[in-house]
Amino acid sequence: MKQMYKKMLALLCATALVVTGLVGYNTVTGDETSATEQDPRTHAAGSQDLMAAQYMAGEVGANQYKAVLGSGSIYFFVNIQQPGDATEPGIYVVFNDADFGEMTVNGVPLNCFKDGSGLVVYLSNFKYMYSDVVIKKNDGSEKAVLYIYNKNGIDNSADVIEPETYTGDEPVEIEMNKLPSMVAASKVGNYEIGFLLNMDFYAGVDPYNPDHIKVQNATGPYNSQMAAVIMKSFGGLDAGKQYVISLDITPSVANGSYKFQNTDYIPLKEGTNTVSLITYAYGEGEGNASASLNFYANQLGSDVVLDITNPRVREASEEDLTTTVAPTTTAKPTTVRPTTTVAPTTVAPTTKTPVTPTDITTKKGGEVVTPEIITKQISPSNNSNVKVSSTNVKKATKKKSAKKIKVVLKKTSGVSKYQIQVSKAKKFSKKNVLITKYSKKTKFNLKSKKFKNKKKLFVRARATKTVAGKIYRSNWSKPKKVKIK
């Protein structure tokens, strides 16, 4: 449904551009800065949304470039084109307004063409396989962050720096803000949120975990089925297979009910509600399909703030598929870490007309069928015997005045990612640990201003593995002293 929704929006926008035309052409170019001066590390390589996205259409660059919204908001992506006075082809992005301030790609000025409330972001910006485009407003606040993939670019995937993660020392603050009303969904962390124009909807994301968000439908209960929806997609799946998708949802007050697509409303309970559904993955081929969970927050009281976290997906088992039960949730004690909600700030809504999404269909066995969604409670499987092989730090080096440590780990098969800690002493106590980070790679850079001019640093690592939504970890490796040159 999500992919066809985006296609429909792009078609409507492209038609409007042809019929009405856009005036006020202005060229926006940065300083004469070579693309080689871009920082290849400032990117979101491995983003699930980016990998699941389809290649953009266009006479130039077709099936070479992908683009997704990382944060902020846009109206939508159109295609690759070269309109009007644009000097070269680029990715056409339409925004909600024409408020453009500083714009960069991988840390250097962005070369693009301004076309009213649209931008043609020139393809020559994207020398690397993964790039981040940061667009600010005139007041310096963030307008949008775009993740761009160039299939034929220089591979910089090994240079990604994972964001610093929560260490447990302080409560996490999630700042909630009013989302702008628009046709396209707003990107909040690793989720997308859509709602009707006359609704007041607030959301915020954990600064250390984009899979952890808070939302609030401040308008209160709304009878329309499509009023407010929170969407989470999983890519890299096999087309035609059925998967179990789950979320943990903790309400501030158990006031109201929620639903999935094509189900009745389910009462919201106190504590942490673990909600699950079974759905097909749609797409083409093995590892190229995606599945989505659409959570409708229409029938919730205006005082309810939902804490949503721990999204997970697994292939449905025979037991899952042969035992279909009525939609239920199981409340369990709250285990999320403490958070502080900041008073919402208001963003003036736009006045665009909403487009109602339609159900997608797909061909299966030569017939066109409607996606089947079975909502049910999934019992956790017993994985107490899961073992995770350990890793070790083979190499860790840095220059004395640098903020970066180069790390090489022993590769361990069958793991999801590696957890790494850096300490100022051989004993990794809470007061000594400077940072805790994660990486899917065995060769990477760790960057922190805390490393600068340190005479002694130690690194340790452990492997992690996710099975049926639960994380298993190996023992920590022996501390490795960082070689300071």
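Fair warning: this is a prediction, and the values are worked out from it, not measured in the lab.

Caption draft 1: Expanded view of the overall build of the protein chain. Scanning the protein chain from terminus to terminus reveals three helices and 36 strands. Residue pairs at least 24 apart in sequence account for 70% of intrachain contacts in the protein chain once pairs closer than 6 positions are excluded. Total accessible area on the protein chain stands at roughly 23400 Å², and carbon and sulfur atoms take up 48% of it.

Caption draft 2: Highlighting the packing of aromatic side chains. Within the structure shown, the criterion is met by ten aromatic pairs. Relative to Tyr149, the ring of Tyr55 has its centre 6.4 Å away and its plane inclined at 45 degrees; by these criteria the two rings are tilted. Placement of Tyr55 in the loop between helix H2 (48–52) and strand E2 (65–72) and of Tyr149 in strand E10 (residues 142–150) is noted, with a sequence separation of 94 residues between them. Judged by relative accessible area, which is 31%, Tyr55 ranks as partly exposed. Grouped by ring-pair contacts, the aromatic residues Tyr55, Tyr130 and Tyr149 constitute a single cluster. Residue placement shows Lys66 over the ring face of Tyr55; its charged tip is 4.8 Å from the ring centre. The residue whose ring lies beneath Lys259 is Tyr296, and the NZ or CZ to ring-centre distance is 5.2 Å.

Caption draft 3: Structural context of the sheet that holds strand E12 (residues 186–188). Overall, antiparallel pairing links the six strands, which are arranged E12-E13-E16-E21-E18-E19 in an open sheet. Pairing within the sheet leaves two strands with one partner each, and these edge strands are E12 and strand E19 (266–267). Pairing of strand E13 (residues 191–195) with strand E16 (residues 228–237) involves four bridges; the strand directions are antiparallel. Across the sheet, residue Ile193 finds its bridge partner in E16, namely Ile230.

Caption draft 4: Highlighting the pattern of salt bridges. One pass over the structure, following the stated rule, counts seven salt bridges. Here Lys241 ties to Asp238 by a salt bridge, and the two come within 3.2 Å at their closest N and O atoms. What makes Lys241 partly exposed here is its relative accessible area of 34%. Accessibility expressed as a relative area gives 16% for Asp238, which makes it buried.

Caption draft 5: Fine view of the side chain of Arg460. With respect to the helices and strands, the residue Arg460 is situated in strand E33 (residues 458–467). Since its relative accessible area comes to 16%, Arg460 is described here as buried. A polar side-chain atom of Arg460 sits 2.8 Å from a polar atom in the side chain of Gln421. The contacts of Arg460, once residues within four sequence positions are left out, are Val393, Gln419, Ile420, Gln421, Phe428, Trp476, Ser477 and Pro479.

Caption draft 6: How the structure looks around unusual backbone geometry. Despite not being glycine, Asn63 has its phi angle at roughly 60 degrees, a positive value. Structurally, Asn63 is set in the loop between H2 and E2. In the Ramachandran plot, Asn310 falls in the positive-phi region, its phi being about 55 degrees despite a non-glycine side chain. Structurally, Asn310 is set in strand E22 (residues 306–315). For Asn310, a relative accessible area of 29% gives the class partly exposed.

Caption draft 7: Layout of the environment of Ser474. Within the secondary structure layout, Ser474 lies in the loop between strand E34 (470–473) and strand E35 (480–481). Each C-alpha atom of the pair Ser474 and Val388 lies 5.1 Å from the other, and the pair is 86 residues apart in sequence. For Ser474, the residues in contact, after removing those within four places along its chain, are Val388, Ser389, Ser390, Arg462 and Ala463.

Caption draft 8: A look at the environment of Asn138. The topology assignment puts Asn138 in the loop between strand E9 (130–136) and E10. Judged by relative accessible area, Asn138 falls into the exposed class, the value being 59%. Those residues within four positions of Asn138 in sequence are excluded, and the remaining contacts are Asp99, Phe100 and Gly101. A polar contact of 2.8 Å, which involves the side chain of Asn138, links it to the side chain of Asp99.

Caption draft 9: The sheet that holds strand E29 (residues 404–409), seen in detail. Reading across the sheet, the four strands line up as E32-E29-E28-E36 and stay open at both edges, with mixed pairing between neighbours. In this open sheet, the two strands that pair with only one neighbour each are strand E32 (443–447) and strand E36 (483–484). Bridging between strand E28 (residues 393–398) and E29 involves four bridges; their strand directions are antiparallel. Residue pairing across strands places Ala396 opposite Val407, the latter belonging to E29.

Caption draft 10: Region of interest: the nonpolar core. If you look at the biggest cluster of nonpolar residues, it comprises 35 residues, and the most contacted ones within it are Ile193, Val215, Ile230, Phe295, Leu306 and Ile308. When residues in this core are grouped by element, the largest group, six residues, is from strand E21 (residues 289–300). Ignoring any residue separated from it by four or fewer positions in sequence, one finds Ile230 in contact with Tyr191, Glu192, Ile193, Phe201, Ile213, Val215, Leu293, Asn294, Phe295, Ala297 and Ile308. Among the nonpolar cores identified, the runner-up in size contains 25 residues, and Tyr65, Val93, Met103 and Cys112 belong to it.

Caption draft 11: Representation of the environment of Lys143. Tracing the backbone shows Lys143 in strand E10. The spatial distance from the C-alpha of Lys143 to the C-alpha of Gly101 is 8.8 Å, given a sequence separation of 42 residues. Look past the residues within four positions of Lys143 in its chain and what remains in contact with it is Gly72, Ser73, Phe95, Asp97, Asp99, Phe100, Ile135, Lys136 and Lys137.

Caption draft 12: Quick look at a positive patch on the surface. Positive charge collects at one region of the surface, where Lys394, Lys395, Lys399, Lys406, Lys443, Lys483 and Lys485 lie side by side. With respect to the secondary-structure elements, Lys399 resides in the loop between E28 and E29. For Lys399, a relative accessible area of 59% translates into the label exposed.

Caption draft 13: Just the pairing of E9, in detail. Within E9, five of the seven residues are buried, leaving the element largely enclosed by the surrounding structure. Bridge analysis of strand E5 (residues 103–105) against E9 gives three bridges, and the strand direction is antiparallel. Bridging from a neighbouring strand, Thr104 pairs with Val134 of E9. Taking the residues between adjacent antiparallel strands as the criterion, E9 and E10 are bridged by five residues, where Gly140 takes a positive phi near 90 degrees.

Scoring rules and cut-offs
Residues numbered from 1 in each chain as written. Predicted model: local features only at pLDDT ≥ 70, side-chain atom pairs only at ≥ 80, totals over all residues. Heavy atoms only, no water. Helix = DSSP H or I, 4+ residues; strand = E, 2+ residues; numbered from the N terminus. Contact = heavy atoms within 4.5 Å. Areas by Shrake-Rupley, 256 points an atom, 1.4 Å probe, with all protein chains shown as cover. Phe/Tyr/Trp six-rings, centres within 6.5 Å; stacked < 30°, edge-to-face > 60°. Buried < 20%, exposed > 50% of the residue type's maximum accessible area, 1.4 Å probe, protein only. Lys NZ or Arg CZ within 6 Å of the ring centre and 35° of its normal. Pairing = 2+ DSSP bridges. Salt bridge = Lys/Arg side-chain N within 4 Å of Asp/Glu carboxyl O. Polar contact = N/O pair within 3.5 Å; in protein donor to acceptor, adjacent residues only side chain to side chain. Core = buried A, V, L, I, M, F, W, Y, C linked by side-chain atoms within 4.5 Å. Patch = residues over 30% accessible without salt bridge, like charges linked within 9 Å, V, L, I, M, F, W, Y side chains within 5 Å. Lys, Arg positive; Asp, Glu negative; His and termini not counted. Charge placed at Lys NZ, Arg CZ, Asp CG, Glu CD.

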